[in-house]
Amino acid sequence: MANNTNESVTPGAGSALDQMKFEIASELGLSNYQQIDKGSLPSRVNGYVGGNMTKKMVAFAEQALRSGNIAQVVNSAPLEKPQQ
């Protein structure tokens, strides 16, 4: 198995993202998603979970922007510099 070298943008958010993932999977009818071997699932199923996570996070950011909390969104993640 390959090592994950991704760095977290917001340290400590991993457990919250996992909880969100399991809640969304449950909403999609995958009540035992935490115990399932994700490699044995079709990529479409895992894609639904990840896609719905993204959809909810974008909706949260849009709501924050609509309500005037621009700083909350802008400061939530540092900008990446283009590689040269």
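Structure: above.
Residues numbered from 1 in each chain as written. Predicted model: local features only at pLDDT ≥ 70, side-chain atom pairs only at ≥ 80, totals over all residues. Heavy atoms only, no water.

> What is the right way to look at the overall build of the protein chain in this model?
Along its length, the protein chain carries three helices and zero strands. In the protein chain, the succession of helices and strands from N to C terminus is α-α-α. Taken over the C-alpha trace, the protein chain has a radius of gyration of 16 Å; the compact-globule value for 84 residues is 12 Å, which it surpasses by more than 25%. Summarising its shape, the C-alpha atoms of the protein chain cover approximately 40 × 35 × 20 Å along the three principal directions. Taking all 84 residues of the protein chain together, 12% fall into the buried category. Surface accessibility of the protein chain: about 7100 Å² in total, with carbon and sulfur atoms responsible for 53%. Put simply, the protein chain has 7 plus and 7 minus side-chain charges, and the middle of one group is 6 Å from the middle of the other. (Helix = DSSP H or I, 4+ residues; strand = E, 2+ residues; numbered from the N terminus. Rg over C-alpha atoms; globule rule 2.2 N^0.38 Å. Buried < 20%, exposed > 50% of the residue type's maximum accessible area, 1.4 Å probe, protein only. Areas by Shrake-Rupley, 256 points an atom, 1.4 Å probe, with all protein chains shown as cover. Lys, Arg positive; Asp, Glu negative; His and termini not counted. Charge placed at Lys NZ, Arg CZ, Asp CG, Glu CD.)

> What is the right way to read the nonpolar core from this model?
Generally speaking, a soluble globular protein has its nonpolar side chains buried in company with each other. Ranked by size, the top nonpolar core spans nine residues in total: Met20, Ile24, Ala25, Leu30, Tyr33, Ile36, Leu41, Val49 and Met53. At the level of secondary structure, the elements contributing two or more residues to this core comprise helix H1 (14–27) and helix H2 (43–66). Setting aside anything within four residues of it in sequence, one finds leucine 41 in contact with Tyr33, Ile36 and Asn46. (Core = buried A, V, L, I, M, F, W, Y, C linked by side-chain atoms within 4.5 Å. Contact = heavy atoms within 4.5 Å.)

> Please explain the packing of aromatic side chains as it appears in this structure.
Each pair of aromatic rings is reported with the distance of its centres and the angle of its planes. This structure, assessed with the given rule, holds zero aromatic pairs. Geometry around tyrosine 33 places lysine 38 over its ring, the cationic atom sitting 4.7 Å from the centre. (Phe/Tyr/Trp six-rings, centres within 6.5 Å; stacked < 30°, edge-to-face > 60°. Lys NZ or Arg CZ within 6 Å of the ring centre and 35° of its normal.)

> For this particular structure, what's the right way to read the pattern of salt bridges?
One side chain can pair with another of opposite charge once the charged atoms of both are near each other. Counted according to the given criterion, the structure contains two salt bridges. Between aspartate 18 and lysine 21 there is a salt bridge, and its shortest N-O distance comes to 3.4 Å. Of the two residues, aspartate 18 and lysine 21 are both situated in helix H1; the distance of three residues between them amounts to about one turn of the helix. Lysine 21 gets classed as partly exposed once you look at its relative accessible area, which sits at 26%. Residue glutamate 27 is joined to lysine 56 by a salt bridge in which the shortest nitrogen-to-oxygen separation is 3.4 Å. In this pair, glutamate 27 sits in helix H1 while lysine 56 sits in helix H2, placing the two residues 29 residues apart along the sequence. (Salt bridge = Lys/Arg side-chain N within 4 Å of Asp/Glu carboxyl O.)

> Quick question: what am I supposed to make of a nonpolar patch on the surface here?
On the surface, Leu65, Ile70 and Val74 cluster together into a nonpolar patch covering about 270 Å² of accessible area. Along the chain, the position of isoleucine 70 falls in helix H3 (residues 70–74). Using a relative accessible area of 47% as the deciding quantity, one classes isoleucine 70 as partly exposed. (Patch = residues over 30% accessible without salt bridge, like charges linked within 9 Å, V, L, I, M, F, W, Y side chains within 5 Å.)

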